[in-house]
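An overview of the molecular structure
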Protein chains: 2
Amino acid sequence: MEEEGYRLQARMVKALAHSTRLQMLALLQKGELCACEFGPLLGLRQSNVSQHLAVLRKANLVNTRRDGVRVMYTLADERTGEVLDTLGHIARDQFAEAAAALREVATG
Amino acid sequence: MEEEGYRLQARMVKALAHSTRLQMLALLQKGELCACEFGPLLGLRQSNVSQHLAVLRKANLVNTRRDGVRVMYTLADERTGEVLDTLGHIARDQFAEAAAALREVATG
DNA sequence: TCGCTATATTCGCGAATCCTAATATATTAT
DNA sequence: ATAATATATTAGGATTCGCGAATATAGCGA
């Protein structure tokens, strides 16, 4: 019952727990990205982008490097992508099941 | 850019984002459990247990069945366990890396 | 240096989360 | 029906989160 380990794990999961950050990580799965690209791609304001990126940084989910005036972001751990994929599958299947159940009710 | 899919995924991840719920799911990985067992095992009050279980239920992360006066809980999707394991590994490795970095600084 | 662009941080407020205590509901036994 | 146990829900207040706006900070070129 290493309570403390779960606290660490929870801190990481909290950092994942926002649709914007999930989208950011999904984009990073395809490769390195400049901070400046998230705003236009996701329709977010600059400060909002920076705040979400800060959350990901503090959770060590991403790495950064400077390239002149820009800051480039990458996934810190390739297993993160794996986790996101699996979560996506579970969510999709849940949705499919719910839809099927609805159809069942509708068609009696 | 299926924004909506990420919203669903985020809802699920939010349900995972608490150390108590992570512990509950870890317990369920070992098999079915009665609601009444979480309190004593995790040192939580009854209402708190029930609230956390409600979060897991609403996110379809667990299934329930009644057995008389008790309610038995199981993991809804075995892939959830897989996700939790991977997240645990990532968190542990992060911690190890941080510790190593600290040692480096200390021994300079 | 100054100005310009890219990032990061801070502030303030509304919304969401979490906890305890209290109350409600459900199931079984007497 | 009543009592007893197991669960669930509600109410409340404290803490945290998320956002926009404003304000730093950093690097680069004129």
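Shown above is the structure to which this text applies.
In this text the structure is predicted, and so the values were computed from the model without any measurement.

Some remarks on the protein's contact with DNA strand C
- Among the 23 residues in the neighbourhood of DNA strand C, the closest are listed as A:C34, A:Q46, A:Q51, A:Y73 and B:H52.
- At a separation of 3.2 Å, a phosphate oxygen of DNA strand C approaches a polar side-chain atom of A:S50.
- Separating a phosphate oxygen of DNA strand C from a side-chain N or O atom of B:N48 is a distance of 3.0 Å.
- For the surface near DNA strand C, the secondary structure elements donating two or more residues are α3 (35-42), α4 (46-58) and β3 (70-75) of chain A together with α4 (46-58) of chain B.
- The leading source of residues in the surface near DNA strand C is α4(A), at five residues.
- Split into classes, the residues belonging to the surface near DNA strand C amount to seven nonpolar, ten polar and six charged.

Quick look at the protein's contact with DNA strand D
- Close to DNA strand D lie 21 residues, the nearest being A:Q51, A:H52, B:C36, B:Q46 and B:Q51.
- Atoms of DNA strand D within 4 Å of the protein: sugar and phosphate make up 58%, bases the balance.
- Take A:N48: an N or O atom from its side chain is 3.2 Å from a phosphate oxygen of DNA strand D.
- The side chain of B:Q46 places a nitrogen or oxygen atom 2.8 Å from a base nitrogen of DNA strand D.
- Of all elements in the fold, only α4 of chain A together with α3 (35-42), α4 and β3 (70-75) of chain B reach the threshold of two or more residues within the surface near DNA strand D.
- The element that contributes the greatest number of residues to the surface near DNA strand D is α4(B), accounting for five residues.
- Within the surface near DNA strand D, the residues separate by chemical class into six nonpolar, ten polar and five charged.

Considering the relation of the copies chain B and chain A
- The two copies are related by a screw operation: chain B maps onto chain A through 180 degrees of rotation and 0.0 Å of translation along the axis, at an RMSD of 0.0 Å. Here the symmetry operator amounts to a two-fold rotation axis. Looking at the rotation axis and the C-alpha trace of chain B, the residue lying nearest is B:V83, at 2.9 Å.

Brief notes about the environment of A:A59
- Assignment of secondary structure puts A:A59 in the loop between α4 and β2 (62-67).
- When near neighbours in sequence (up to four residues on either side) are disregarded, A:A59 contacts A:A15 and B:Q94.

Structural notes on the packing of helix α2 (residues 19-29) of chain B against α4(B)
Residue and element names in this part refer to chain B.
- Remark: α2 packs on α4, axes separated minimally by 10 Å, with the N-to-C direction vectors making an angle of 75 degrees. Regarding the angle of α2 to α4, the classification is roughly perpendicular. Listed contacts from α4 to T20, R21, M24 and L25 of α2 are V49, H52, L53, V55 and L56.
- Across the contact of α2 with α4, the residue classes break down as six nonpolar, two polar and one charged.

Rules used in this analysis
Residues numbered from 1 in each chain as written. Chains lettered and ligands numbered in written order. Predicted model: local features only at pLDDT ≥ 70, side-chain atom pairs only at ≥ 80, totals over all residues. Heavy atoms only, no water. Near = heavy atom within 4 Å. Polar contact = N/O pair within 3.5 Å; in protein donor to acceptor, adjacent residues only side chain to side chain. Helix = DSSP H or I, 4+ residues; strand = E, 2+ residues; numbered from the N terminus. Nonpolar A, V, L, I, M, F, W, Y, C, P; charged D, E, K, R; others polar. Least-squares fit on C-alpha atoms with pLDDT ≥ 70 in both. Contact = heavy atoms within 4.5 Å. Axes fitted to C-alpha atoms, helices over the stretch in contact; angles between N-to-C directions. Parallel < 35°, antiparallel > 145°, perpendicular 65-115°, else oblique.

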